[in-house]
Amino acid sequence: MAAALVNVPAKARRGAVIEIKTLMSHVMEPGYRHTAAGEVVPRDIITSFTCRFNGAEIFRADLYPAIAANPFLSFFTTASESGKFEFEWIGDNGFVATASAAITVE
Amino acid sequence: MTPRALLAVALLGAALPALAGEIATADRRSGYDFMSPETKAMQDDDTANPAMLSVLDGETLWTTKAGAANKSCNDCHGAVDVSMKGVAARYPAFNAASAAPVDLGQRVNLCRGQHQEAEAFAPESRELLALTALIARQSRGMPITAGGDPRLTPFLARGRELFVQRQGQLNLACANCHDDNWDKHLAGSSITQGQPTGYPIYRLEWQGMGSLQRRLRGCMTGVRAQAFDFDAPDMIALELYLMSRARGMTIDAPAVRP
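Below: a short report on this structure. (Residues numbered from 1 in each chain as written. Chains lettered and ligands numbered in written order. Predicted model: local features only at pLDDT ≥ 70, side-chain atom pairs only at ≥ 80, totals over all residues. Heavy atoms only, no water.)

**Examining the interface of chain B and chain A**
Frequently, the measure chosen for interface size is the accessible area removed from exposure when the parts meet. Convention followed: Two residues form a contact once any of their heavy atoms are found within 4.5 Å. Here's the idea: put two parts together, see how much 1.4 Å probe accessible area each one loses, and the total over both is what we call buried area. We define a salt bridge as a side-chain nitrogen of Lys or Arg found within 4 Å of a carboxyl oxygen belonging to Asp or Glu. Here a polar contact is recorded for every N or O atom pair within 3.5 Å, except that within protein the pair must consist of a potential hydrogen donor and a potential acceptor, and residues adjacent in sequence are included only if both atoms are side-chain atoms. In DSSP terms, a helix is any run of H or I states spanning at least four residues, a strand is any run of E spanning at least two, and both are numbered starting from the N terminus. When residues are grouped by polarity, Ala, Val, Leu, Ile, Met, Phe, Trp, Tyr, Cys and Pro land in nonpolar, Asp, Glu, Lys and Arg in charged, and all others, Gly among them, in polar.
The interface of chain B with chain A comprises 13 residues on the first partner and 14 residues on the second. Summed over both partners, the interface of chain B with chain A comes to about 1100 Å²; 64% of that surface belongs to carbon and sulfur atoms. It is Thr47, Leu53 and Gln207 of chain B that lose the most area in chain B upon contact with chain A, and together they represent 49% of the buried surface on that side. There are 1 salt bridge connecting chain B and chain A. Residue Lys21 of chain A pairs with Asp45 of chain B through a salt bridge whose shortest N-O separation is 2.6 Å. Where chain B meets chain A, there are 4 residue pairs in polar contact (both at pLDDT 80 or more). The greatest single-element share of the side of chain B that touches chain A, amounting to 4 residues, is contributed by helix α3 (residues 51–62) of chain B. Grouping the amino acids of the side of chain B that touches chain A by side-chain chemistry returns 6 nonpolar, 3 polar and 4 charged.

Shown next, in the form of structure tokens:
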């Protein structure tokens, strides 16, 4: 069950710098650990995170095995116009999760 | 000795036994108070607190029909923010059917068995942690009231006994650290008082959720003792004692802990 928490201000003044915070539920198994029987636990991580605003990409991050479970990413952008943020997480084993949030710019 | 000095000695004598080894009410501190500003900020912001992911899962489970009875929690209890308000603050509570206290996770599983006719969730399973996190969330900001029921008296006494009982190869009782040395450090970490205000917690060391039972088992392994089994009567008695020891403190569940 993929659950995401996204925090985008609902309203902002035009030109204001806003912070966007995202938290994604994921085990982020690095692939370096072994079970008690000595078998390698296969890697299972999120490899890519993308944020688009009204279709245009505004932020992207590549994720690697050293990143903790349930990755928390926060970044800043400038509120230019009203619209919709779309978030996408892509990972191993066909993992895909999306979320979206709308903002009104006055 | 002047009468006044005699009185002072008598008062001191009267006050000391009550405090022996135990933390005075005014000195009690939640694990939150020992955390770094960064970890506090993570807990305080619901969009940064990873335990809220578990609460989200719990909200889905609350309204999901389950078992032979095909009922969801919501079908009997209604909205969780109304029906479960303050519930976590009074658990472990006395269960008349088994004539023993049950903790919140056991209560959820009793409900599953009796009313949903579904299989019990395994201890520390994602589902059980999600539902207990959701229920505990509804008591955030409320004072802990557990242990007030007079029928719990013998179980509280047993819990207290376990708390001061030395155990393991290191031969340490809970009280040796958490009553007597809570203001000190063990390596780089604060020892803390062991006040269970925020369970289930998201523990950074685990990179996941865990119950008070999991935390207690970690401590027992740490002193190289045989950890109690999940849901063992002694485990519940110890949980009950810890919650009653924190009576009046504020619930901050679901908490983040280092």
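On we go from here.
**Describing the pattern of salt bridges**
Residues and elements named next belong to chain B. For clarity, the threshold we go by: A 1.4 Å probe rolled over the protein chains alone gives each residue an accessible area, and that area as a share of the maximum for its type sets the label: buried under 20%, exposed over 50%, partly exposed in between.
Tallying each qualifying case throughout the model produces 20 salt bridges over all chains. Between Lys184 and Asp183 there is a salt bridge, with its nearest N and O atoms 3.7 Å apart. Measuring nitrogen to oxygen at the nearest pair gives 3.0 Å for the salt bridge that ties Arg203 to Glu205. Overall, Glu205 belongs to the exposed group, its relative accessible area being 58%. Counted as one network, the salt bridges with shared partners bring together Glu22, Arg160, Asp179 and Arg245.

**Considering the environment of Asp229 of chain B**
Residue and element names in this part refer to chain B. Along the chain, Asp229 falls in the loop between α10 (212–222) and α11 (233–245). A C-alpha to C-alpha distance of 24 Å links Asp229 and Ala253, two positions 24 residues apart in sequence. Filtering out sequence-adjacent residues up to four positions away, Asp229 remains in contact with Arg217 and Met235.

**Considering the sheet that holds strand β1 (residues 4–7) of chain A**
Paired through their backbone hydrogen bonds, the strands of a sheet run either parallel or antiparallel. Filter applied, for reference: Criterion used throughout: strands pair if DSSP finds at least two bridges between them. Note on definitions: angles span 0 to 180 degrees between N-to-C directions of axes, and those axes are lines fitted to C-alpha atoms, for helices only across the stretch in contact.
Spatial ordering of the open sheet is given by β1-β3-β6 (chain A), a layout of 3 strands whose pairing is antiparallel. The strands lining the two open edges of the sheet, one partner per strand, are β1 and β6 (72–78) of chain A. Ignoring which end each strand starts from, the neighbouring axes of this sheet average 15° apart. Both strand β3 (residues 17–24) of chain A and β6 of chain A contribute to a ladder of 7 bridges, which runs antiparallel. Across the sheet, residue Leu23 of chain A finds its bridge partner in β6 of chain A, namely Phe72 of chain A. Sitting on the sheet, α3 of chain B is in contact with β1 and β3 of chain A, with an inclination near 115° to β1 of chain A.

**A word on the nonpolar core**
For soluble globular proteins, the rule of thumb is that nonpolar side chains tend to be buried together. Residue and element names in this part refer to chain B. Keep this limit in mind: Here, nonpolar core means buried Ala, Val, Leu, Ile, Met, Phe, Trp, Tyr and Cys residues that are tied together by side-chain atoms lying within 4.5 Å of each other. Annotation comment: domain bounds sourced from an automatic or database domain assignment.
Trp62, Leu131 and Ile135 are the most contacted members of the largest nonpolar core, which has 39 residues in total. Those elements giving two or more residues to this core turn out to be α3, α6 (104–116) and α7 (126–137). A total of 8 residues in this core trace back to one element, the largest contributor, which is α7. Each of domain 1 (29–45 + 143–257) and domain 2 (51–137) accounts for three or more of the residues forming this core.

**Concerning the pairing of strand β8 (residues 95–105) of chain A**
Residues and elements named next belong to chain A. Where burial is concerned, the two faces of β8 differ: the one with Phe95, Ala97, Ala99, Ala101, Ile103 and Val105 is buried and the one with Val96, Thr98, Ser100, Ala102 and Thr104 is not. Note that strand β2 (residues 11–12) and β8 share 2 bridges and pair parallel. For Lys11, the partnering residue across the bridge sits in β8 and is Thr104. In terms of strand pairing, strand β7 (residues 83–91) meets β8 through 9 bridges, oriented antiparallel. Bridge pairing in β8 links Glu88 to Thr98. Once β7 ends, the chain turns through 3 residues before running back antiparallel as β8, passing Asn93 with a positive phi of about 55°.

The values are spatial; any link to function lies outside them.
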